[in-house]
Amino acid sequence: MTETKRQAPLFYRSGEVARFLGLSYHSVQQLFNQGILTGHRTLKAGDRRISRFSLLQYAMANKIHIPEIGMDPYSVVMIGVSYPIQMAIIRAAAKTKAMVQQADSEMEFGMMIRGGDQCCAVVDTSIGTTNAIKAARTIRGNDRTKSMLLIAIAADDSVPTRVAQAGFDHVYRSPFNVSALVRRIAMAARKFQERTEAS
């Protein structure tokens, strides 16, 4: 008899969200009423369903890990990535078990990738060409992270060839097809998940 994999639900009850985020039930209701958490109301008075996407957005913005809904132990780590691209990546990750994290500094980025639990790192060259290359070398130089998918987002075509040769698997130059980037990340997340479950 084959074991069927449970799909992560698309919506969660207010009480579940409160437990995941470490908030009170009423705080979750207030966040919903303010439009910070989104979803829909049910026929039962006062009952709300919070979307998985909205929950992931809130968790990422507040640096909250929620292992109960299967986002750990691996993640997609970003640094310098613009808000619209972040949102597209979060939507893709919501369909897998990946947690999306945006690092606020090079130091935080280095700390995030140290454990080797990430399937993918996305580095925007807006942090500086030298810093982007340094991030790539840090990842490729570590036995635990060297197989991670490494993507660079270049602000324009003037980005030097050395960024492409610094160990990045793919370099996207603006303007580029965000859907193609997101598909590549989703594929990396699925492969990572399969490898982890097989070991």
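Rules and cut-offs
- Residues numbered from 1 in each chain as written.
- Predicted model: local features only at pLDDT ≥ 70, side-chain atom pairs only at ≥ 80, totals over all residues.
- Heavy atoms only, no water.
- Helix = DSSP H or I, 4+ residues; strand = E, 2+ residues; numbered from the N terminus.
- Buried < 20%, exposed > 50% of the residue type's maximum accessible area, 1.4 Å probe, protein only.
- Contact = heavy atoms within 4.5 Å.
- Areas by Shrake-Rupley, 256 points an atom, 1.4 Å probe, with all protein chains shown as cover.
- pLDDT = per-residue confidence, 0-100.
- Salt bridge = Lys/Arg side-chain N within 4 Å of Asp/Glu carboxyl O.
- Core = buried A, V, L, I, M, F, W, Y, C linked by side-chain atoms within 4.5 Å.
- Arc of directions from axis to C-beta.
- Phe/Tyr/Trp six-rings, centres within 6.5 Å; stacked < 30°, edge-to-face > 60°.
- Pairing = 2+ DSSP bridges.
- Axes fitted to C-alpha atoms, helices over the stretch in contact; angles between N-to-C directions.

**Student:** So what about the overall build of the protein chain? Which residues, and what values?
**Tutor:** Scanning the protein chain from terminus to terminus reveals 8 helices and 8 strands. Within the protein chain, buried positions represent 46% of all 199 residues. Considering only residue pairs separated by 6 or more positions, the protein chain has 60% of its internal contacts joining residues 24 or more positions apart. For the protein chain, the exposed area adds up to about 11,000 Å²; of that, 52% sits on carbon and sulfur atoms.

**Student:** Requested: an account of the confidence of the model for the protein chain, with residues and values cited.
**Tutor:** The predicted model of the protein chain averages 76 in pLDDT, with 76% of residues at 70 or higher. For the protein chain, per-element mean pLDDT is lowest for helix α7 (residues 161-164), which scores 71, and highest for helix α2 (residues 25-33), which scores 91. Between residues 1-7, whose pLDDT stays under 50, and residues either more than four places distant or in other chains, the model counts 1 contact.

**Student:** For the pattern of salt bridges, give the residues involved together with the corresponding values.
**Tutor:** Enumeration over the complete set of coordinates arrives at 1 salt bridge. Here Asp169 and Arg140 are joined by a salt bridge, their closest N and O atoms 2.8 Å apart. Of this pair, Asp169 sits in the loop between α7 and β8 (170-173) while Arg140 sits in helix α6 (residues 129-140); the two residues are 29 residues apart in sequence, bridging distant segments of the chain. Residue class for Arg140 comes out partly exposed when judged on its relative accessible area of 24%.

**Student:** Describe the nonpolar core, with residues and values.
**Tutor:** Formed by 27 residues in total, the largest nonpolar core has its most connected members in Val76, Ile89, Val122 and Leu181. Among the elements of the structure, α3 (52-61), β4 (75-79), α4 (83-93), β6 (118-124), β7 (149-154) and α8 (178-198) are those that each provide at least two residues to this core. Of all the elements, α8 adds the most residues to this core, at 7 residues. Discounting residues that sit within four places of it in the chain, Leu181 has contacts with Ile85, Ile89, Ile151, Ile153, Tyr172 and Phe176. Ala103, Ile139, Leu150 and Phe168 belong to the second largest nonpolar core, which has 19 residues in total.

**Student:** How would you explain α2 if you had to name every residue and give the values?
**Tutor:** Three or more residues of α2 are buried, namely Val28, Gln29, Leu31 and Phe32. The buried residues of α2 occupy an angular sector of 160 degrees when projected down its axis, which confines them to one face. Along its buried surface, α2 packs onto α1 (14-21), β2 (39-41), β3 (48-51) and α3. Within two residues after α2, Gly35 carries a phi angle of roughly 85 degrees, on the positive side.

**Student:** Run through the packing of aromatic side chains, naming residues and quoting values.
**Tutor:** Considering all chains together, one arrives at 1 aromatic pair under this definition. Note on Tyr12 and Phe20: the rings are 5.5 Å apart at their centroids and 85 degrees apart in plane angle, and the pair reads as edge-to-face. Among the residues examined, Phe20 registers a relative accessible area of 8% and is labelled buried.

**Student:** Which residues make up α1, and what values go with them?
**Tutor:** Among all positions in α1, only Ser14, Val17, Ala18, Phe20 and Leu21 are buried. Angular distribution of buried residues about the axis of α1 spans 165 degrees; they occupy a single face of the element. At its buried positions, α1 is contacted by β1 (11-13), α2, β3 and α3. Phi turns positive, to about 70 degrees, at Gly22, one or two residues after α1.

**Student:** Explain the pairing of β3 to me, using residue names and the numbers behind them.
**Tutor:** Here β3 shows no split at all, with Arg48 and Ile50 on one side and Arg49 and Ser51 on the other all buried. Examined bridge by bridge, β1 and β3 share 3 bridges and lie antiparallel to one another. In the sheet register, Phe11 faces β3, and the bridge partner there is Ser51.

**Student:** Describe the sheet that holds β3, with residues and values.
**Tutor:** In any sheet, the strands associate via hydrogen bonds between backbone groups, in a parallel or an antiparallel arrangement. Taken together, 3 strands build an open sheet; the order of strands is β1-β3-β2 and the sheet is antiparallel. Strand pairing shows two members of the sheet lacking a second neighbour, β1 and β2, which therefore form its edges. Direction aside, the axes of adjacent strands within the sheet are offset by 25 degrees on average. Packed on one face of the sheet, α1 meets β1 and β3 and runs near 90 degrees to β1. Those strands touched by α2 are β2 and β3, and its axis lies near 70 degrees from that of β3.

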